[in-house]
Amino acid sequence: MNEITIGNYLLERLKQLGVSTMFGVPGDFNLGFLDLVEDDPNMDWVGNCNELNAAYAADGYARVKRDSVGALLTTFGVGELSALNGIAGAYSEMIPVVHIVGVPSRSHLEAKPTLHHTLADGRFDVYAQAAKLFTASQAFLMQEETAASEIDRVLLDCINLRRPVYLAIPIDLVLPKISAEPLARPIERTVHVNPVDDENAVLEEVEKLVQGSAGDVIILVDVCSLRKGAEKETVDFIKKVGFSATIDEGYERYGGIYIGAFSRLETKEAVESAKLVLTIGYLITDFNTGLFTNKLLPSRVIQFHSTRTQIFDKEYPSVGMKGILPKLAERLQAYRPASVTVPRFNAVLPADESDVITQKWLWPRMSQFFKRGDVIVTETGTASFGILDVPFADDCTLVSQILFGSIAARETTGGRTILFIGDGSLQVGVQELSTMIGKGVHPTIFLLNNSGYTIERCVRSPQKKYHDIVNWRWTSLLQDLGDSELKSSKSFTVNTKAELSNLLNESEFAGASRIQLVEVMLDKFDAPDVLANIANAVGRAK
């Protein structure tokens, strides 16, 4: 019988799921497994500066590598607790992350001696109990006989539910051997199958409603179409039926971003006056709906979700979007409008003679810098709101965390990666600049220096000192954190529009052949209009 160690069995399963990078921090209870990781030529180990940063890195990896999952390795107790905020964010945002935790030996787990990293009260399961609150599935390996099936179970849950999972491995279960036979059967995402009768009923009803709308149909596309694996079906559907929609800005019938009362006026009017609105993967949250100011009358809205469809007030609980959208596209092509009038979504530089860099000018100017295939990362601050108002080049990926709203930076290793982060946020995860230097990745980082927490100033008491932070010598960071001879990095400070524009126009800078940090000087009270309006409303509500 072909055998394999339990640790290597897990690694093989992760590689079958497309994982080629694992993030984490070494600790005495995970070193045996980490030996196997480092010895595997097809698994790259990224040692982060702390476990929270590692959790965010695994989250970012899964967002960009959409057909895979993120992998995180921490140690028992202190390590896994440090990562928990990042895991909670992944749960909230439906990001598949496998959190692997090295734990004490089975004999210690049973005898419960007073070990380091414990609470000294005999509760060895307290950390796993905490993990249950923030993960969709858990496995605590205790037997060789069930190790493979338990590993497979949580990994299957991870890819099906698109949520983080928890896997604890005692140090004495890493090297025991088990049968490798299950590896011949890859773990594959379960495909939701729609009931035929219900699906046909939905097809007929939607076709009748579209026919009666005389082409006045709007399609709103949201994050769950991506998270639940229906991106291709969604894009194909929209391009076949030809209605105005919110997908790639390059689509000729793209109509803008709808966030309720805080939308562009022309987009708001088009959505709210449409005879029929089809939503695909719509997630109804406060920021997503402009603090619930979205005026979508239930009598005009058809909702497509991963495992259910709702037509006005009638729900079809087992009809999912991935299966029905291709069939619906075939039916609705006959009603494709010859032309539609959509709001133009352009990056227009404001007519302002001042050379001071403002939020209103910054984002349209940055839009001109973006190019096909960029990965654009915005932390949860002014950047996440400023970026909403400008178009991207084709095939760009935006990585952000609006729902959970934690502040940190993520780095990726594919294509040109552009990060926008505030000075307050960078102080949270700044150590990872050294990890980026060490791994040889080349992000371009725009450090928005607005002297503290501008997003919070917009909510309440903008003059209060608790919004302020200590200013750092930002352009010295890359040298201090690993590139002492400045061979693989370069830093800049820009104070004016001309300085920033000249830098963006340089071909060497645009080529991003090294890690680059650009300190952009901004007024601490200046914020994107969308953020200012939403934050003011939040402040009034409180």
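These figures come from a predicted structure and were not determined experimentally.

### Re the packing of aromatic side chains
As enumerated under the stated definition, the model contains 13 aromatic pairs in all. Where Phe23 meets Tyr61, the ring centres are 5.8 Å apart and the plane angle is 70°; that geometry is what we call edge-to-face. Taken as a pair, Phe23 in strand 2 (residues 21-24) and Tyr61 in helix 3 (residues 51-64) lie far apart in primary sequence, 38 residues in all. The two residues Phe23 and Tyr61 agree in class, both being buried. Ring centres of Phe446 and Phe509 lie 6.2 Å apart, and the angle between their planes is 75°; this geometry places the pair in the edge-to-face category. Of this pair, Phe446 sits in strand 18 (residues 444-449) while Phe509 sits in helix 21 (residues 507-511); the two residues are 63 residues apart in sequence, bridging distant segments of the chain. Each of the two residues, Phe446 as well as Phe509, counts as buried. The rings of Trp363, Phe369, Phe370, Phe392, Phe420, Phe446, Phe492 and Phe509 are connected pair by pair, giving a single aromatic cluster. One cation-aromatic arrangement involves Arg163 over Tyr91; the distance from NZ or CZ to the ring centre is 4.4 Å. The aromatic ring of Phe369 is capped on one face by Arg416, whose charged end is 4.4 Å from the ring centroid.

### Re the sheet that holds strand 4 (residues 70-75)
The sheet built from six strands is open, its strands ordered 3-2-4-5-7-6 with parallel pairing. In this open sheet, the two edge strands, each paired with only one partner strand, are strand 3 (44-47) and strand 6 (137-140). Sheet twist, expressed as the average angle between the axes of neighbouring strands with direction ignored, equals 20°. Relative to strand 4, strand 2 runs parallel, the two being bridged by two bridges. Among the inter-strand pairings, Phe23 is bridged to a residue of strand 4, identified as Leu72. Across the face of the sheet, helix 1 (residues 6-16) comes into contact with strand 2, strand 4, strand 5 (97-103) and strand 7 (165-170) while running at roughly 170° to strand 5. Its contacts with the sheet place helix 8 (residues 144-161) against strand 5, strand 6 and strand 7, and it is angled at close to 165° to strand 6.

### Focus: the side chain of Thr378
By the element assignment, Thr378 lies in strand 15 (residues 375-378). Since its relative accessible area comes to 1%, Thr378 is described here as buried. Apart from the residues lying within four places of it in its own chain, the contact partners of Thr378 are Ala383, Ser384, Ile387, Leu398, Val399, Ser400 and Phe420.

### Let's talk about the nonpolar core
Among the nonpolar cores identified, the biggest contains 38 residues, and Leu10, Leu14, Met22, Phe33 and Ile100 are the most heavily contacted of them. Contributions of two or more residues to this core are made by helix 1, helix 2 (31-39), strand 4, strand 5, helix 8 and strand 7. The element best represented in this core is helix 8, accounting for seven residues. When near neighbours in sequence (up to four residues on either side) are disregarded, Phe33 contacts Gly7, Leu10, Leu11, Met22, Leu73, Ile100 and Val174.

### A closer look at the environment of Trp363
Along the chain, Trp363 turns up in helix 14 (residues 359-369). We classify Trp363 as buried; its relative accessible area is 2%. With near-sequence residues (within four places) excluded, Trp363 lies in contact with Thr382, Ala383, Gly386, Ile387, Val390, Phe420, Leu448 and Pro528.

### Focus on the confidence of the model for the protein chain
With 96% of its residues at a pLDDT of 70 or more, the protein chain has an overall mean of 91. Residue range residues 403-413 is modelled with pLDDT below 50. Its contacts to residues more than four positions away, or to other chains, number 38 contacts.

Thresholds applied
Residues numbered from 1 in each chain as written. Predicted model: local features only at pLDDT ≥ 70, side-chain atom pairs only at ≥ 80, totals over all residues. Heavy atoms only, no water. Phe/Tyr/Trp six-rings, centres within 6.5 Å; stacked < 30°, edge-to-face > 60°. Helix = DSSP H or I, 4+ residues; strand = E, 2+ residues; numbered from the N terminus. Buried < 20%, exposed > 50% of the residue type's maximum accessible area, 1.4 Å probe, protein only. Lys NZ or Arg CZ within 6 Å of the ring centre and 35° of its normal. Pairing = 2+ DSSP bridges. Axes fitted to C-alpha atoms, helices over the stretch in contact; angles between N-to-C directions. Contact = heavy atoms within 4.5 Å. Core = buried A, V, L, I, M, F, W, Y, C linked by side-chain atoms within 4.5 Å. pLDDT = per-residue confidence, 0-100.

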